[in-house]
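Tertiary structure, described
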Amino acid sequence: MSDYTALKARFQEAGQGHVFNFYEELSADQQQELISQLSKIDPAEVNGLYTKAIKAANSEAKDSIEPLPEHAFDSTITSADKIPEWEKIGMDLISKNKLAVLLLAGGQGTRLGSSAPKGCYNIGLPSGKSLFQLQAERIRRLEALAQANSSSKVVIPWYIMTSGPTRSATEEFFKSNNYFGFHPDNVVFFNQGTLPCLTNDGKIILEDKSKVAVAPDGNGGIYPALRKEGIITNMAQRGIEYIHSYCVDNCLVRVADPVFIGYSVSKGAECGAKVVPKVSPTESVGVICVKNQKFSVVEYSEITEEMAHRTDSNTGKLSFAAANICNHFYTLPFLQRMEAVEKELEYHIAHKKIKYIDLASHEKVSPTSPNGMKLEAFVFDVFPFTQKFAVLEVARDEEFSPLKNAPGSATDGPETSRRDIIAQYIRFIEKAGGKVEKGDSSDVTDFKFELSPPCELFG
């Protein structure tokens, strides 16, 4: 009872006391369920996040946006001669067990028409391999290659951030596939955080009488989750110094890429990002640049027509062309330092249709139009807090093919993922001196073959 009284007083003080509106009507079990959930929510912090998000959304401040400086940028496309040096640095660190992989895998396959986590999706390769399996095999192959230069067993631990809806299904998928050859201790699952859903005037929404409506706090929630779930401590105990992070939906991702790791380390970066060149000046993608004298991702809606078409006088290339692909490098000290800036991270408003119980009528309501908001942080929101940053440009057709849309979609669907990975296999074969007999077909998705990571890695 004392816990209940103190908790209720805390919410009332924050102007959120309505969450106890139905408390007296609940059974003892339901009361405990509500108390348990509310004890994990800081109403004052929620109020602060709301206020800050509203202020940012309504800000009319004029931002200063500039291209990336030369010292923080390089390219595997134009600086191919540097790749062996970067790769050697990266492989050396992998052989010394200094690298971990951090996977953002909290998304469900809803837009794909699947009820399973997105990483379980099969894009239609002859083997039927899921995205999780393709990525697992690339990590395992890197371990085997690095083992040649190590006297101790090489391990690249795989940390996988799930969400409430995907956690159990993801773990079960890994168990049923024998962890794709990993020792279970080296595959560490953890959940991203959640935040209460809010009305447009900042009040916490009750989903039903004994439950607050919550939503994942965005992929930027990875930073507090790494701390709260003990992941940073686990990395430190293993002697990890560097981390490669990426998003699950990219079939071409070069997991634990030694070139990217070596490049970032050679630049002395504490945080880094891979980018691909924009396909056109007006492509609807966020770009990495300098905003208000700090490294940032700027959405395409913030780029003016003049800026979109601006070119570098020396190279003739677009000045704002570094398209963000959610592929990052971190040092462990950088991630440890993020606790100090968590409260400064910018949360973004997503207006949504949120089911709720009406406080007056006591009826459950399923709105037909957005009636509230979810607050989300983005994984790149830490870039402005980076002291030493590095950006590496890579070829889009070699490293980026996102899976977002249902079969039959014109872009970013399973067909385009399969097309892009098979086209890459053909380039690998031809570069190695082989030949693919294409016959009458010009559609590479007609070819029923694939190259398996245990036989090749990045070609």
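All of these numbers come straight from a predicted model, not from anything done at the bench.

**Quick look at the overall build of the protein**
From N to C terminus, the protein includes 13 helices and 20 strands. For the protein, whose C-alpha radius of gyration is 24 Å, the value lies close to the compact-globule estimate of 23 Å for 459 residues. Dimensions of the protein along its principal axes, counting C-alpha atoms only, are 75 × 55 × 50 Å. Within the span of the protein, comprising 459 residues, buried residues form 50% of the whole. Sequence-distant contacts in the protein: of pairs separated by 6 or more residues, those separated by 24 or more amount to 75%. A total accessible area of about 21,300 Å² is found for the protein, and carbon and sulfur atoms account for 48% of it. Between the centroid of the 50 positive side chains of the protein and the centroid of its 59 negative side chains there is a distance of 2 Å.

**A few points about the pairing of strand S20 (residues 389–393)**
With respect to burial, S20 is a largely interior element, five of its five residues being buried. Neither face of S20 is left uncovered, since the one carrying Phe-389, Val-391 and Glu-393 and the one carrying Ala-390 and Leu-392 both have all their residues buried. Across five bridges, strand S12 (residues 271–277) lies against S20 in parallel orientation. Paired with Cys-271 across the two strands is Phe-389, which belongs to S20.

**So, the packing of aromatic side chains**
All told, the structure shown has 22 aromatic pairs when counted by the stated rule. A ring pair is formed by Phe-378 and Phe-380, whose centres lie 5.4 Å apart and whose planes are at 50°; its orientation type is tilted. Taking the relative accessible area as the measure of exposure, Phe-378 reaches 24% and is therefore partly exposed. Under the relative-accessibility criterion, Phe-380 is labelled buried at 13%. Following the ring pairs from residue to residue traces out a cluster consisting of Phe-132, Trp-158, Phe-173, Phe-174, Tyr-179, Phe-180, Phe-182 and Phe-189. The ring of Phe-182 carries the charged tip of Arg-140 above its face, separated from the ring centre by 5.7 Å.

**A short note on the packing of helix H4 (residues 83–95) against helix H9 (residues 258–266)**
Between H4 and H9, the shortest axis-to-axis distance is 6 Å and the interhelical angle comes to 95°. In terms of orientation, H4 and H9 fall into the roughly perpendicular class. Residues Ile-83, Trp-86, Glu-87, Ile-89, Gly-90, Met-91, Leu-93 and Ile-94 of H4 pack against Pro-258, Val-259, Ile-261, Gly-262, Tyr-263, Val-265 and Ser-266 of H9.

**Quick notes on helix H2 (residues 28–38)**
Within H2, burial applies to Gln-31, Leu-34, Ile-35, Gln-37 and Leu-38. Buried residues along H2 cover an arc of 165° about the axis, so they all sit on one side. Set apart from the buried face of H2 by more than 90 degrees, the exposed residues are Ala-28, Asp-29 and Gln-32.

**As for the nonpolar core**
Of all hydrophobic cores here, the largest spans 45 residues; its most connected members are Ile-94, Val-101, Leu-103, Phe-132, Trp-158, Ile-160 and Phe-174. Per element, the largest residue contribution to this core is five residues, and it comes from helix H5 (residues 131–147). Among all residues touching Trp-158, those that are not within four sequence positions of it are Val-101, Leu-103, Phe-132, Gln-135, Ala-136, Ile-139, Phe-174, Phe-182, Asn-186, Val-187, Val-188 and Tyr-246. Core analysis: the second largest hydrophobic core is formed by 41 residues, Tyr-159, Phe-190, Cys-326 and Met-338 among them.

**With respect to the pattern of salt bridges**
Scanning the model with the defined rule gives 24 salt bridges in all. For Arg-337, the salt bridge is made with Glu-270, and the minimal N-O distance between the two is 2.7 Å. Note that Arg-337 is positioned in helix H11 (residues 332–337) and Glu-270 in the loop between H9 and S12, a separation of 67 residues in sequence. When its relative accessible area of 27% is taken as the criterion, Arg-337 is described as partly exposed. Judged by its relative accessible area of 12%, Glu-270 falls in the buried class. One salt bridge in this structure joins Lys-291 and Glu-302, with 3.0 Å as the shortest N-O distance. Here Lys-291 is found in strand S13 (residues 287–291), whereas its partner Glu-302 is found in the loop between strand S14 (294–298) and helix H10 (305–309), with 11 residues between them in sequence.

The rules behind these values
Residues numbered from 1 in each chain as written. Predicted model: local features only at pLDDT ≥ 70, side-chain atom pairs only at ≥ 80, totals over all residues. Heavy atoms only, no water. Helix = DSSP H or I, 4+ residues; strand = E, 2+ residues; numbered from the N terminus. Rg over C-alpha atoms; globule rule 2.2 N^0.38 Å. Buried < 20%, exposed > 50% of the residue type's maximum accessible area, 1.4 Å probe, protein only. Contact = heavy atoms within 4.5 Å. Areas by Shrake-Rupley, 256 points an atom, 1.4 Å probe, with all protein chains shown as cover. Lys, Arg positive; Asp, Glu negative; His and termini not counted. Charge placed at Lys NZ, Arg CZ, Asp CG, Glu CD. Pairing = 2+ DSSP bridges. Phe/Tyr/Trp six-rings, centres within 6.5 Å; stacked < 30°, edge-to-face > 60°. Lys NZ or Arg CZ within 6 Å of the ring centre and 35° of its normal. Axes fitted to C-alpha atoms, helices over the stretch in contact; angles between N-to-C directions. Parallel < 35°, antiparallel > 145°, perpendicular 65-115°, else oblique. Arc of directions from axis to C-beta. Core = buried A, V, L, I, M, F, W, Y, C linked by side-chain atoms within 4.5 Å. Salt bridge = Lys/Arg side-chain N within 4 Å of Asp/Glu carboxyl O.

Geometry only, nothing functional implied.
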